Amino acid sequence: MASSILRRFIPRKTTWMYGQRMMSSTIDVSVDEQTGIALMKMKRKPVNSLNLEFLQDIRNTIVTLEQNKKCKGLILTSDVPKIFSAGIDILEMYQPNEERLHNFWRALQDMWLQLYMTPLATIAAINGHSPAGGCLISISCDYRIMAPNYTIGLNETLLGIVAPFWFKDAMCNTVGYRETEIALALGKLYSTDEALQKGLVDEVVTSEQIMEAAQRKMLEYVKIPNMARAMSKQLMRQETADKLCSTQDSDVQNFVNFCLQDKVQQSLGFYLEQLKKRKSK
Ligand SMILES: CCCCCCCCCCC/C=C/C(=O)SCCNC(=O)CCNC(=O)[C@H](O)C(C)(C)COP(=O)(O)OP(=O)(O)OC[C@H]1O[C@@H](n2cnc3c(N)ncnc32)[C@H](O)[C@@H]1OP(=O)(O)O
């Protein structure tokens, strides 16, 4: 189902499969072949920040699961306490090597396209903070369940950077134009309750109940005839994905040019310093 454009790039082979278990240093995956439900736990310590290799691992895992005829649904969650994902690894953008910066953005695009358009049913079990790239992963799933007392949102402007158009499009498709306009301008991080109220997440349950709730909802998804469910997802999402597919190269170049600006580097350096200071308080 994912268009051939999405399959142009062969992901790195860093995920190992042992029967129904797949493992890499940053991801733990198990597949229940009875139910057809896979569980992917992100475990890139300390905060599941998305660097080049982690993004390739996530995409690689989705591709492998898509090829498993028994797998119909994927639950994404975190193995790191209190953090779903801290978003992009800021160190990929700060004082970067230019070639790696290109490859990094391409890997983010490819991971997103794979996740957003996968024929698998996807549920994000958001068991921790989920800013920026973490929010992107969440809103790219078909359904979101979040635990209380965490935050989620596209906070890029707080770092002095801008959410790219495809982050914006995925957000608009979830909460609507006006809410996205406000959220992006203010770099808004929503509390779990606000996120529920605005439709950024679909359900709130306690951390203890989140896996059970995700399994229960996923059983609903995988009961639907597979092709019909996957095609209805494609119907809703293809236009948004195509917008990036047709401009991937220029989007990489725009990102690289943007990042290499002195002003942007200063903002990122300042933000990293704040993160460290906050920690020492
Ligand atoms: C013409 C227009 C063109 C447009 C071009 C596009 C422009 C660029 C678009 C880029 C899009 C960006 C998307 C992103 O995802 S940016 C990342 C945003 N993420 C954040 O702001 C999260 C920051 N982190 C936090 O708020 C907290 O760490 C968190 C709440 C997640 C956890 O808090 P906690 O107290 O548990 O942990 P610490 O803060 O102590 O963190 C532990 C260590 O991890 C480091 N850290 C945290 N987050 C990141 C990160 N995202 N990247 C790298 N490193 C991170 C933190 O500094 C600590 O490190 P040390 O232990 O070394 O101190």
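None of these values were measured; they are calculated from a predicted model. Throughout, a residue's number is its position along its own chain's written sequence, starting from 1. Residues qualify for local features only when their pLDDT is at least 70, as the model is predicted, and side-chain atom pairs are given and counted only at 80 or more; totals for whole chains, interfaces and linings, by contrast, use all residues.

1. So, the overall build of the protein
For the protein, the count of helices and strands is 11 helices and 12 strands. A compact globule built from 281 residues should have a C-alpha radius of gyration of about 19 Å, and the protein, at 18 Å, falls within 12% of that. Summarising its shape, the C-alpha atoms of the protein cover approximately 55 × 40 × 35 Å along the three principal directions. For the protein, contacts bridging at least 24 residues in sequence account for 75% of all contacts bridging at least 6. Numbering of helices and strands starts at the N terminus; helices are DSSP runs of H or I of at least 4 residues and strands are runs of E of at least 2. To get the radius of gyration, use the C-alpha atoms; to get the globule rule, take the number of residues to the power 0.38 and multiply by 2.2 Å. Here, residues touch in the contact sense if the C-beta positions derived from the backbone fall within 7 Å of one another.

2. Points about the packing of helix 3 (residues 98-117) against helix 9 (residues 226-245)
Their axes nearest at 10 Å, the elements helix 3 and helix 9 cross at an angle of 165°. Taken together, helix 3 and helix 9 sit at an angle that is classed as roughly antiparallel. Our pair here, helix 3 against helix 9, has a crossing hand that is left-handed. Where helix 3 approaches helix 9, its residues Gln109, Leu113, Tyr116 and Met117 are matched on the opposing element by Gln234, Arg237, Ala241, Leu244 and Cys245. What counts as an axis is a line fitted to C-alpha atoms, over the stretch in contact for a helix, and the angles between N-to-C directions run from 0 to 180 degrees. Oblique is the label for any angle not under 35 degrees, not over 145, and not in the 65 to 115 range, which are roughly parallel, roughly antiparallel and roughly perpendicular in turn. Note on convention: the crossing is left-handed when the near helix lies turned anticlockwise from the far helix by less than a right angle, right-handed when the turn is clockwise.

3. A few points about the pairing of strand 5 (residues 73-78)
Among the six residues in strand 5, six count as buried, and that is most of the element. Any residue surrounded by 20 or more other C-beta atoms within 10 Å of its C-beta is treated as buried, while 12 or fewer makes it exposed and the intermediate range makes it partly exposed; C-beta atoms here are placed from the backbone. Of the two faces of strand 5, both are covered, the one formed by Gly73, Ile75 and Thr77 as well as the one formed by Leu74, Leu76 and Ser78. Note on pairing: DSSP must find at least two bridges between two strands before they are called paired. Here six bridges tie strand 4 (residues 37-42) to strand 5, and the two strands are oriented parallel to one another. Across the sheet, residue Leu39 finds its bridge partner in strand 5, namely Ile75. Assignment of crossover handedness uses the view with strands pointing away from the viewer, where a clockwise path from the first strand over the helix to the second indicates a right-handed crossover. Taking the sense of rotation as the criterion, the β-α-β connection linking strand 4, helix 1 (residues 52-67) and strand 5 turns out right-handed.

4. Some details on the confidence of the model for the protein
The predictor rates its confidence in each residue with pLDDT, a number between 0 and 100. Overall, the predicted model of the protein reaches an average pLDDT of 93, with 92% of residues at or above 70. A low-confidence stretch, residues 1-13 stays under pLDDT 50, and its non-local contacts, those more than four residues away or across chains, total 20 contacts. On the interface metric, ipTM, the complex scores 0.98, and its pTM is 0.95.

5. Things to note about the site of the ligand
Near the ligand lie 27 residues; those nearest to it are Ala86, Gly87, Ile88, Ala132 and Gly133. Elements supplying a minimum of two residues to the shell around the ligand: helix 2 (90-93), strand 8 (128-131), helix 10 (248-259) and helix 11 (262-280). Residues that form the shell around the ligand fall into these classes: 17 nonpolar, six polar and four charged. In this entry, near means the residue's backbone-placed C-beta atom lies within 6 Å of the molecule or strand. Residues are sorted three ways: Asp, Glu, Lys and Arg are charged, Ala, Val, Leu, Ile, Met, Phe, Trp, Tyr, Cys and Pro are nonpolar, and all the rest, Gly among them, are polar.

6. Description of the sheet that holds strand 11 (residues 190-191)
Each strand in a sheet pairs with another by means of backbone hydrogen bonds, the pair being arranged parallel or else antiparallel. What the four strands build is an open sheet, ordered 6-8-10-11; its pairing is mixed. At either end of the open sheet lies a strand with only one pairing partner, and these are strand 6 (82-83) and strand 11. Pairing of strand 6 with strand 8 involves two bridges; the strand directions are parallel. Bridge pairing in strand 8 links Ile83 to His129.

7. Considerations on unusual backbone geometry
Of note, the bond from Lys45 into Pro46 is cis; its omega dihedral lies within 30 degrees of zero at 10°. Looking at the secondary structure, you find Pro46 in the loop between strand 4 and helix 1. Within the chain, Gln95 stands out as a residue other than glycine whose phi angle is a positive 45°. By secondary structure assignment, the location of Gln95 is in the loop between helix 2 and helix 3. Backbone geometry places Asn149, a non-glycine residue, at a positive phi of 70°. Residue classification places Asn149 among the partly exposed residues on the basis of 13 C-beta atoms within 10 Å.

8. Thoughts on the environment of Glu179
Mapped onto the fold, Glu179 is located in helix 6 (residues 177-186). It is 32 Å that separates the C-alpha atoms of Glu179 and Asp57, two residues lying 122 residues apart in sequence.

9. Re the nonpolar core
By size, the foremost hydrophobic cluster in this structure holds 75 residues, and its most contacted members are Ala38, Ile75, Ala125, Ile126 and Ile152. With 10 residues, helix 3 is the single largest residue contributor to this core. With near-sequence residues (within four places) excluded, Ile126 lies in contact with Phe84, Ser138, Arg144, Ile145, Met146, Ala147, Tyr150, Ile152 and Val201. The nonpolar core criterion groups buried Ala, Val, Leu, Ile, Met, Phe, Trp, Tyr and Cys residues into a set whenever they are joined through C-beta atoms within 7 Å.

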